Amino acid sequence: MAEIAESASTTEHPLGTVGASRSKASPSALRESDVDPKTMRTTTPGLKRVFLTFSVLLSFLLGFPFLWKTVEIYRSPLPFGDMDALSKQIESSPLQFPCHFQSVFLNFDSRSSGGILDPRELRRSILSEMTKLTSQTLERQCGSCGGNFTLSVVVDSGDGPCRLFDERHGNGLTPNCSYKCGALGALNLGDDEAIDEALRSALDESCSDYGGKLYTVVVVDGGGAGEGPKALVGKHRHGWISGRELDAEAMIGRMAEMFVKVFMNGAREDGAIHGEFMPVGADGRVVLSFSLLNANPDDWFYDWDFQRLDDTLLNPVIEALKPIANISVESQVLYHTPKSSFSYWDESLGSYIFSTKDLSFFVNSNEWHLDTSVAAGGRTKILQFVVYVPSAKECPLSLQLPSGEISKTNGFISPMWGGVMVWHPQSCIKYSGSGPPARLLMHPDDLHRIFEVLMGQLRQLFGLKSNSIYVGAAGAYKLLPSEKGFTEWELDVLSRQHTCFNLHSSGTTLGSLSRLVQSLPRMIIKDEIGKQVKFSLEAAQLAQTNASVGLYEASAASSRQARSLAEDAFFHPSIMSVSYFSFEHCFAVYSPFFLPVSLHVLLAAVREWRRYKHEKAKYVRWKVKQVKAA
């Protein structure tokens, strides 16, 4: 540019003529020969190159937001604070349910002395025993009552007014759920079913004060001469202890054990399946798959009337477990299904024997095609119940226990999988080995006995006892069975533990989802996931509220929904189908394409701006020198 300006000053350009006229007009004006092209210039620097360079730079800057928008990841806002708070709350403070207990001393007259039958003193003694029992195992156990329980005591002598003490209503005041004086009258202590129904009609009325969850133990002084105390637990929410000339103080330990070990803990024993292994799917559904396996149909093949079994026996069980799980039933009959383990003939027992050491090899996964359900590939839990009909060459087939005795049920369970029962057909004793195989139908009585065994296995899978006797430290207790398969107090225990397990699972899942989403800023979070998280938190809050007021079934249903929604959000297809990369990875991928061009454009703009400022300074310096010369 300097050279161009210099040549222009020496030509016959109009600007040169003007400069000459000015020089003639003003002798002191600066001559063009005195202009140094390295430090001065006589013309204004043009803006065309600056405009073009900055236009290119501006186009890059304006295009960057559009480029960022094209690679933007949509993320629905998630309540990370609430998700982490729920996870920490459940981990730090196990859920404790309120439980309300009532002790009734019936037919204890004035022969008792020393103030033993004072309701206040009796309550203090029972509470002391209950506190000892809960502090041993249940104080911090999730799903139990722990120390969150109340106790009322009623003394009904039968010949006068009742004496009652309730911490919530004071001494002598009767709440809606408490025992009504004289309601039982004369009990037929020889008929357990009659006593159970009499207690139900006398105690299980409208219980608005306790949400319908009041557990009662009645101590009845009466019975045959010389009979010791007999303790029973009914099908509802009550139990009783009866005997001749009972000592009320001696019964305190048994009452406390019935309250804590039976009604709180579900009469569980050491080695039982715990609540965290409850066989319910993540979506709250359970499929009970019943299979009849004929080992060798060349000998015989049996069929069963399963529809009749489903209608008469299974439907009440499914309805009873409805608050805990959505249960469906399916059945099948399979042929050519030999077992994998070996058996041997025992002459003394007159049977083929397989021992408990062979149980892990009994199920033949290669030949037993059990997982035919449409729910096998989802998150629904499938419990397999197999009735195995052995072949003629190993019939009868019996299970030998470690003690050397033959199993009465001739079956076993596999936790979280199901149960197996070996059934001996009557024809195996009479089998002659000749003639074509006969197609036989199970007798209804055999079907009923099989159902009883399978129901006991189902109870064991849920962590309950399969028999009707519970032996505690203070004595033995007879548990009356229910035609529904589960008594009301057992369903309360399952509801409490299932609620606790579901809330713990949903809190853990939401906490993991929160940490995962925050660690991957480019993870796609759809609105559906945000809604599932929101509804899961609401369901968890509702379950905790229902649990705090003693609504066991409602809390179990809400917790099941909270867990299902949390699992749906965590395993959403939009999360699992795409690989996510960090911002550094994306920068490393795109920078070879855009960084070289962007860097050259930016350097060109900087260089052109510096050139323009330099040329502008040269022109200003010439103008200043010209003014001084003039």
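Here's what I pulled together on the structure shown here.

Each value, and the rule that gives it
- Residues numbered from 1 in each chain as written.
- Predicted model: local features only at pLDDT ≥ 70, side-chain atom pairs only at ≥ 80, totals over all residues.
- Heavy atoms only, no water.
- Disulfide = S-S within 2.5 Å.
- Helix = DSSP H or I, 4+ residues; strand = E, 2+ residues; numbered from the N terminus.
- Buried < 20%, exposed > 50% of the residue type's maximum accessible area, 1.4 Å probe, protein only.
- Pairing = 2+ DSSP bridges.
- 1 Å grid on protein atoms, 1.4 Å probe; cavity = no way out; pocket = protein on both sides within 12 Å on 5 of 7 lines; lining within 4 Å.
- Points joined across faces, edges and corners; volume = space filled by probe spheres on them.
- Nonpolar A, V, L, I, M, F, W, Y, C, P; charged D, E, K, R; others polar.
- Contact = heavy atoms within 4.5 Å.
- Core = buried A, V, L, I, M, F, W, Y, C linked by side-chain atoms within 4.5 Å.
- Domains from an automatic or database assignment.

1. Let's talk about the state of the cysteines
- The final tally for this structure, using the stated rule, is 1 disulfide.
- Between the sulfur atoms of C99 and its disulfide mate C145 the distance is 1.5 Å. In this pair, C99 sits in strand β1 (residues 99-106) while C145 sits in the loop between α5 (119-137) and β2 (149-156), placing the two residues 46 residues apart along the sequence.
- Its relative accessible area of 1% is what places C99 among the buried residues.

2. Quick notes on the pairing of strand β12 (residues 351-355)
- Of all 5 residues in β12, 4 are buried; the element is thus mostly enclosed.
- When strand β11 (residues 344-346) meets β12, the two strands line up antiparallel, connected through 3 bridges. When the bridges of β12 are listed, Y344 appears paired with I353.
- Turn length for the β11-β12 hairpin, with the two strands adjacent in sequence and antiparallel, is 4 residues, and the turn residue G350 shows positive phi of about 65°.

3. Topic: empty space enclosed by the protein
- Evaluation of the coordinates by the stated rule reveals 1 cavity of 30 Å³ or more.
- Quantified by volume, the largest cavity comes out at close to 40 Å³.
- F290, L314, F385, F451, L454, M455 and L458 are the residues that line the largest cavity.
- Of the residues forming the lining of the largest cavity, the biggest block, 4 residues, is contributed by helix α10 (residues 444-461).
- Considered class by class, the residues forming the lining of the largest cavity number 7 nonpolar, no polar and no charged.

4. Considerations on the side chain of Q544
- When you line up the elements, Q544 lands in helix α12 (residues 527-548).
- Leaving out residues up to four positions away in the same chain, Q544 has contacts with L86, Q89, I90 and L503.

5. Description of the nonpolar core
- F101, F105, I126, M130, M258, F263 and V533 are the most contacted members of the largest nonpolar core, which totals 62 residues.
- In terms of residue count, helix α7 (residues 248-264) provides more of this core than any other element does, 11 residues in total.
- Among the domains, domain 2 (80-93 + 500-578) and domain 3 (99-264) are the pair contributing at least three residues each to this core.
- For F105, the residues in contact, after removing those within four places along its chain, are L122, I126, V153, V154, V155, D156, V219, A248 and M255.
- Core analysis: the second largest hydrophobic core is formed by 42 residues, V286, L292, V317 and C395 among them.

6. Some words on the environment of L61
- You can see L61 is positioned in helix α3 (residues 48-70).
- A relative accessible area of 54% means that L61 is categorised as exposed.
- Linking L61 and S598, residues 537 residues apart in sequence, is a C-alpha distance of 9.5 Å.

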